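Here's the letter readout for the chains.
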Amino acid sequence: MRILVTGGAGFIGSNFVRYMLKMRPDVEVANFDALTYAGNLENLNGLENEPRYCFVKGSVASDEDVEKALAGKAFNAIVNFAAETHVDRSLTDVRPFIRTNVVGAQVLLDACRKHGVKRFLQVSTDEVYGSLGPTGEFTESSPIQPNNPYAATKASADFLARAAHKSHGLDVAITRCSNNFGPYQFPEKLIPLMIANALEDKPLPVYGDGLHTRDWLYAWDHCSAIDLVLRLAAPGSVYNIGGHKDVPNIEVVKLLLKLVGKPESLIRFVQDRPGHDRRYAMNCDRIRRDLGWLPAHSFEDALRATVKWYLDNPAWRARARSGEYQRYYEKMYGRRPPAKNG
Ligand code: NAD
Ligand code: TYD
């Protein structure tokens, strides 16, 4: 099987490239990535001499780049991870999100039809469902009600993928996962940001009252689910993928501080994110029933392994937090006032 993985230099994409090369000896992977601030070829260190792997630089939003990557290569499938992914950035400027997440998805769908790529797997998010109240879980038939610009672009891509299946018979599958964590995650997201700040004795900025709740999924478990969907799901299917672990942010932060041996006095409650979804929780009965998938790692073990990875890779951490990141951090957090009740 020959697959084009888009966004394979990012966090989950690079884990997926490694997962497939390790677990599926019959698979060849081409990694197609624009190398934005979030893309880092260091995430794929060690694969330089792997004959079943190659890297192609290009943007999913460019018909020309995608055409060059696909022409004459006879890919069996595209797995689309490529995206602008950070909610906070989408609140400042949504245009790059529309280009990559929406236009890019359509460029890939058109290219699949043109080049006879059999399967298109769209990696989506639980954020397309919006926010939950104190109880309940999202199922695959929950209404699509995105609340932030990032989530709106991901929902748009889901609709375009669905339409390509319904209108043109393209073999599309959509996966909607919860919040991932693990090695190679860019430190603008909650878990790696808190680990990195704690290690440098910097304040840990918790939005609002810290009681916003996310369902946490270890990236390696997410990869095993995507592998199953890629190979076994029916055309047009949609699968939720979650970690069965809903935790309020403040508890995640306190757990991380314990793991790195730093005091809770580093915690700072800061002004909340606009449109901040209160709670996500995923019902994953469908993927368990149809494909036999369950996460293999407990949250606590996976969090410990993740902290160890960041501790073991100070050079990766330092490079990820240099240059553009410093400017971003200053802009995003420099003028963020304390929370009213913080
Ligand atoms: P990431 O930000 O770490 O990586 C995104 C990758 O896409 C980067 O390598 C970047 O260079 C690449 N990219 C960006 N624009 C591109 C373009 N125009 N053309 C080609 N490549 C481009 O993201 P991630 O956390 O690994 O997320 C991967 C996918 O999973 C995304 O589609 C995201 O919406 C989805 N997802 C992520 C999470 C999470 O918790 N991280 C949760 C739900 C869904
Ligand atoms: P994030 O990692 O940005 O993922 P998402 O917004 O896609 O869920 O944020 C996870 C949660 O952590 C979310 O409720 C916002 C919160 N958060 C903070 O409290 N402080 C931070 O500095 C960041 C980045 C996130």
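Refer to the structure presented above.
First things first, this report covers the structure right here in the doc.

So, how was this worked out
Residues numbered from 1 in each chain as written. Chains lettered and ligands numbered in written order. Predicted model: local features only at pLDDT ≥ 70, side-chain atom pairs only at ≥ 80, totals over all residues. Heavy atoms only, no water. Helix = DSSP H or I, 4+ residues; strand = E, 2+ residues; numbered from the N terminus. Buried < 20%, exposed > 50% of the residue type's maximum accessible area, 1.4 Å probe, protein only. Lys, Arg positive; Asp, Glu negative; His and termini not counted. Salt bridge = Lys/Arg side-chain N within 4 Å of Asp/Glu carboxyl O. Polar contact = N/O pair within 3.5 Å; in protein donor to acceptor, adjacent residues only side chain to side chain. Contact = heavy atoms within 4.5 Å. Near = heavy atom within 4 Å. Nonpolar A, V, L, I, M, F, W, Y, C, P; charged D, E, K, R; others polar. Phe/Tyr/Trp six-rings, centres within 6.5 Å; stacked < 30°, edge-to-face > 60°. Areas by Shrake-Rupley, 256 points an atom, 1.4 Å probe, with all protein chains shown as cover. 1 Å grid on protein atoms, 1.4 Å probe; cavity = no way out; pocket = protein on both sides within 12 Å on 5 of 7 lines; lining within 4 Å. Points joined across faces, edges and corners; volume = space filled by probe spheres on them.

## Details of the side chain of Arg214
No. 1: Note that Arg214 resides in strand β9 (residues 213-218).
No. 2: Asp277 provides the closest opposite charge to the buried, salt-bridge-free Arg214, at an N-O distance of 5.3 Å.
No. 3: Looking at Arg214, its side chain comes within polar contact range of the main-chain oxygen of Asp277, at 3.1 Å.
No. 4: Residues contacting Arg214, with those up to four places away along its chain left out, are Asn179, Lys245, Asp246, Val247, Asn249, Arg273, His276, Asp277, Arg278, Arg279 and Tyr280.

## Concerning unusual backbone geometry
No. 1: Despite not being glycine, Ala74 has its phi angle at roughly 50°, a positive value.
No. 2: Following the sequence through the fold, Ala74 ends up in the loop between α2 (63-70) and β4 (77-80).
No. 3: At His244, a position not held by glycine, the phi torsion is positive, near 55°.
No. 4: Looking at His244, the relative accessible area reads 42%, which means it is partly exposed.

## Digging into the site of ligand 2
No. 1: The environment of ligand 2 is made up of 18 residues, and the closest members are Glu127, Pro205, Arg273, His276 and Tyr333.
No. 2: At a separation of 2.9 Å, an oxygen atom of ligand 2 approaches a polar side-chain atom of Asn249.
No. 3: Among the elements of the structure, α6 (190-199) and β8 (204-207) are those that each provide at least two residues to the shell around ligand 2.
No. 4: Across the shell around ligand 2, the residue classes break down as eight nonpolar, five polar and five charged.

## Comments concerning the packing of aromatic side chains
Note on aromatic pairs: each is described by the distance of the centres and the angle between the planes.
No. 1: By the definition in use, this model includes 15 aromatic pairs.
No. 2: Aromatic side chains Tyr37 and Phe186 sit 5.3 Å apart centroid to centroid with 75° between the ring planes, which places their arrangement in the edge-to-face category. With Tyr37 in the loop between β2 (28-33) and β3 (53-57) and Phe186 in the loop between β7 (179-181) and α6, the pair connects residues that are 149 residues apart, well separated along the chain.
No. 3: The class of Tyr37 is partly exposed, set by a relative accessible area of 23%.
No. 4: For Phe186, a relative accessible area of 12% corresponds to the buried category.

## Things to note about the site of ligand 1
No. 1: Close contacts around ligand 1 come from 28 residues, with Ile12, Asp33, Thr85, Tyr150 and Lys154 the closest.
No. 2: Between ligand 1 and Phe11 there is a distance of 3.0 Å, counted from an oxygen atom to a backbone nitrogen or oxygen.
No. 3: At a separation of 2.6 Å, an oxygen atom of ligand 1 approaches a polar side-chain atom of Asp33.
No. 4: Considering ligand 1 on its own, with 830 Å² of exposed area, one finds that the protein chains cover 96% of that surface.
No. 5: Elements with a contribution of two residues or more to the shell around ligand 1: α1 (11-23), β5 (119-125), α5 (149-168) and β7.
No. 6: Of the residues forming the shell around ligand 1, the biggest block, three residues, is contributed by β5.

## Quick notes on empty space enclosed by the protein
Rolled over the atoms, a probe as big as a water molecule pinpoints where empty space is left.
No. 1: Going through the model one piece at a time under the given rule, you end up with two cavities of 30 Å³ or more.
No. 2: By volume, the largest cavity amounts to about 40 Å³.
No. 3: Val87, Glu127, Asn148, Arg214, Arg273, Gly275, His276, Asp277 and Tyr280 are the residues that line the largest cavity.
No. 4: When its residues are assigned to classes, the lining of the largest cavity shows two nonpolar, three polar and four charged.
No. 5: Estimated volume of the second largest cavity: approximately 40 Å³.
No. 6: Taken together, Gly10, Phe11, Ala38, Asn40, Asn43, Tyr184, Phe186 and Trp316 form the lining of the second largest cavity.
No. 7: In terms of residue class, the lining of the second largest cavity is built from five nonpolar, three polar and no charged.

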